[in-house]
Amino acid sequence: MTENTGVRLGAAPGSRGRTTIADVVVEKIAGMAARDVPGVYALGSGFARSMGSMRERMPGAGSGKSATRGVSVEVGELQAAIDLELVVEYGVSITDVVAAVREDVISAVERMAGREVVEVNVTVSDVKLPDEADEGEERQRIQ
């Protein structure tokens, strides 16, 4: 007697199961890709960065910057949509920076997560002026 297990002999290993990628994985990929673009000072609004800075100072709250701050995604089985909130450095061409962010984020997510990126919506929420104190400098003064 032969039992039918539903496995097709000769089927590619990639077709013998289902892969689920959590939203946070795509958020981290997109966040890292966006941060690597020259002209991007930070991700997230001023409020989100302030709250993140406070969280980082709390013992046991995790290490370093949150890789997902300023990033939200919707991930399906085949596609992903990404929303980013950026702070850019003063003097850069915002349109050029945003175009580079879109290109790098799409490339990274499609390559690493295997999801077609259908849209990358970018909000530029602030500009880092040269005379403004860095978050790290502020943190040192406060301590």
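Residues numbered from 1 in each chain as written. Predicted model: local features only at pLDDT ≥ 70, side-chain atom pairs only at ≥ 80, totals over all residues. Heavy atoms only, no water.

Right, let's get into the overall build of the protein chain. Along its length, the protein chain carries 4 helices and 4 strands. Ordered by position from N to C terminus, the α and β elements of the protein chain give α-β-α-β-β-α-β-α. Each of the 143 residues in the protein chain was classed as buried or not, and the buried ones make up 29%. Carbon and sulfur atoms make up 51% of the accessible area of the protein chain, which totals about 9,400 Å². (Helix = DSSP H or I, 4+ residues; strand = E, 2+ residues; numbered from the N terminus. Buried < 20%, exposed > 50% of the residue type's maximum accessible area, 1.4 Å probe, protein only. Areas by Shrake-Rupley, 256 points an atom, 1.4 Å probe, with all protein chains shown as cover.)

Another aspect to go through is the pairing of strand E2 (residues 71–75). The alternating pattern of E2 places Val-71, Val-73 and Val-75 on a buried face, while none of Ser-72 and Glu-74, on the opposite face, is buried. Note: E2 against strand E3 (residues 79–89), 5 bridges, orientation antiparallel. For Ser-72, the partnering residue across the bridge sits in E3 and is Asp-83. Linking two consecutive strands that pair antiparallel, namely E2 and E3, is a turn of 3 residues. (Pairing = 2+ DSSP bridges.)

Another aspect to go through is the nonpolar core. Of all hydrophobic cores here, the largest spans 27 residues; its most connected members are Val-26, Ile-82, Leu-84, Val-101, Val-105 and Val-109. When contributions to this core are tallied by element, the ones reaching two or more residues are helix H1 (23–35), strand E1 (40–43), E2, E3, helix H3 (94–113) and strand E4 (116–128). Those residues in contact with Val-109 that sit more than four places away from it in its chain are Val-26, Ile-29, Ala-30, Ile-82, Gly-114, Arg-115 and Val-117. (Core = buried A, V, L, I, M, F, W, Y, C linked by side-chain atoms within 4.5 Å. Contact = heavy atoms within 4.5 Å.)

So, about the packing of aromatic side chains. Tallied over the full model, the rule gives 0 aromatic pairs. The side chain of Lys-128 reaches across the aromatic face of Tyr-41, ending 5.5 Å from its centre. (Phe/Tyr/Trp six-rings, centres within 6.5 Å; stacked < 30°, edge-to-face > 60°. Lys NZ or Arg CZ within 6 Å of the ring centre and 35° of its normal.)

Geometrically, a packed helix pair is captured by the angle between its two axes and the distance between the axes. Where H1 contacts H3, the axes come no closer than 8 Å and their chain directions differ by 140 degrees. Classified by the angle between their axes, H1 and H3 sit oblique to one another. You can see that H1 and H3 cross each other, and the crossing is right-handed. Together, Val-26, Ile-29, Ala-30, Ala-33 and Ala-34 of H1 and Val-101, Asp-104, Val-105, Ala-108, Val-109, Met-112 and Ala-113 of H3 make up the contact between the two elements. When the residues that make up the contact of H1 with H3 are grouped by side-chain class, the tally is 11 nonpolar, no polar and 1 charged. (Axes fitted to C-alpha atoms, helices over the stretch in contact; angles between N-to-C directions. Parallel < 35°, antiparallel > 145°, perpendicular 65-115°, else oblique. Left-handed = near helix turned anticlockwise from the far one by under 90°. Nonpolar A, V, L, I, M, F, W, Y, C, P; charged D, E, K, R; others polar.)

A word on the side chain of Glu-27. Inspection of the secondary structure puts Glu-27 in helix H1. The charged side chain of Glu-27 is buried without a salt bridge, its nearest counter-charge being Lys-28 at 8.2 Å. Beyond its immediate chain neighbours, meaning those up to four positions away, Glu-27 contacts Ala-67, Thr-68, Val-71, Ser-72 and Val-73. (Lys, Arg positive; Asp, Glu negative; His and termini not counted. Salt bridge = Lys/Arg side-chain N within 4 Å of Asp/Glu carboxyl O.)

Right, let's talk about H1 for a bit. Taking 1.5 Å of rise per residue, the 13 residues of H1 would be expected to cover 18 Å, and the 18 Å separating its terminal C-alpha atoms lies within 8% of that figure. For H1, the set of buried residues is Val-26, Glu-27, Ile-29, Ala-30, Gly-31, Ala-33, Ala-34 and Arg-35. Where H1 is buried, its residues touch E1, E2, E3 and H3. (Expected span 1.5 Å × (residues − 1).)

Predicted confidence across the protein chain gives a mean pLDDT of 82, with 72% of residues reaching 70 or more. The least confident element of the protein chain is helix H4 (residues 135–142), whose mean pLDDT is 45; the most confident is H3, at 98. The low-confidence segment residues 47–56 (pLDDT under 50) makes 17 contacts with residues lying over four places distant or belonging to another chain. Low pLDDT, under 50, characterises residues 137–143; the stretch is placed with 7 contacts to residues that sit more than four places away or in other chains. (pLDDT = per-residue confidence, 0-100.)

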